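# What the coordinates show
Listed below, chain by chain, are the residues.
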Amino acid sequence: MTLSIRPATPADLPLIAQFIRDLADYEKLAHEVRFDEAKLGEKLFGPRPYAEVVIGELGGTAQGFALFFHNFSTFEGRPGIYLEDLFVRPDARGSGLGKALLAHLARLCVERDCARLEWWVLDWNTPSIGFYQSLGAKLMDEWTVMRVDGAALTELAGSAHA
């Protein structure tokens, strides 16, 4: 079966939205999905895109996606790529599509002179952790994720000096 990776287009927005929902279901986080599809489309395909998406296809049928954006390492003095979401439909797992999506992003890193490709993985997701480690990824156990959102974000923003 032919495997291909292609950049997403605005016509893929309903597919991207469904992949995000499917990923959230897999991660037991469906209750966290709050995006407005039109706004998502604007942020992905509008005048100032905040992220990029590639679609993975098997035999011409979309079976997975990766959503990513650039970050920057001050220590390296170079950009990196942060993989926000990677999802392959269950019936397509084991086909090589997940590896192909990651390899595509790795190639973009090399082409764009990025220092690294990085992402988060839920600590209970041992099948994915094992898969990522088989590709050379390493756990960054010494780091803890921090987040400010909702009312705390609004309150913090209000304390900024203009």
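A short tour of the structure in this document, coming up. (Residues numbered from 1 in each chain as written. Predicted model: local features only at pLDDT ≥ 70, side-chain atom pairs only at ≥ 80, totals over all residues. Heavy atoms only, no water.)

### Re unusual backbone geometry
- In this model, Lys-28 sits at a positive phi of 60°, which is unusual for a non-glycine residue.
- Checked against the element boundaries, Lys-28 lands in the loop between helix H1 (13-26) and helix H2 (37-45).
- Lys-28 sits in the exposed class, given a relative accessible area of 58%. (Helix = DSSP H or I, 4+ residues; strand = E, 2+ residues; numbered from the N terminus. Buried < 20%, exposed > 50% of the residue type's maximum accessible area, 1.4 Å probe, protein only.)

### Quick notes on the environment of Leu-67
- By secondary structure assignment, the location of Leu-67 is in strand E3 (residues 61-73).
- Taking the C-alpha atoms as reference points, Leu-67 and Leu-105, separated by 38 residues in sequence, lie 9.9 Å from one another.
- In contact with Leu-67, not counting residues within four places along its chain, are Leu-44, Ala-51, Glu-52, Val-53, Tyr-82, Leu-83, Glu-84 and Asp-85. (Contact = heavy atoms within 4.5 Å.)

### Side note on the side chain of His-104
- Mapping His-104 onto the fold places it in helix H3 (residues 97-111).
- Accessibility expressed as a relative area gives 14% for His-104, which makes it buried.
- Residues in contact with His-104, not counting those within four places in the same chain, are Ile-5 and Val-54.

### Focus on the nonpolar core
- Ranked by size, the top nonpolar core spans 17 residues in total, and within it Ala-66, Phe-68, Ile-81, Leu-83, Leu-86, Leu-101 and Leu-105 carry the most contacts.
- Only strand E2 (52-58), E3, strand E4 (78-88) and H3 provide two or more residues apiece to this core.
- Among the elements that line this core, the one with the most residues is H3, at 6 residues.
- Ranked by size, the runner-up nonpolar core spans 16 residues in total, among them Leu-13, Phe-19, Ile-55 and Phe-65. (Core = buried A, V, L, I, M, F, W, Y, C linked by side-chain atoms within 4.5 Å.)

### Digging into the pairing of E2
- Burial analysis of E2 places 6 of its 7 residues in the buried class, the great majority of the element.
- Of the strand pairs in this sheet, strand E1 (residues 3-7) and E2 are connected by 5 bridges, and their pairing is antiparallel. Across the sheet, the residue bridging to Ser-4 is Glu-57, located in E2.
- Bridge count between E2 and E3: 7 bridges; the pairing is antiparallel. Bridging across to E3, Val-54 finds its partner in Ala-66.
- In sequence, E2 turns back onto E3 through a hairpin of 2 residues, with Gly-59 there showing a positive phi of about 60°. (Pairing = 2+ DSSP bridges.)

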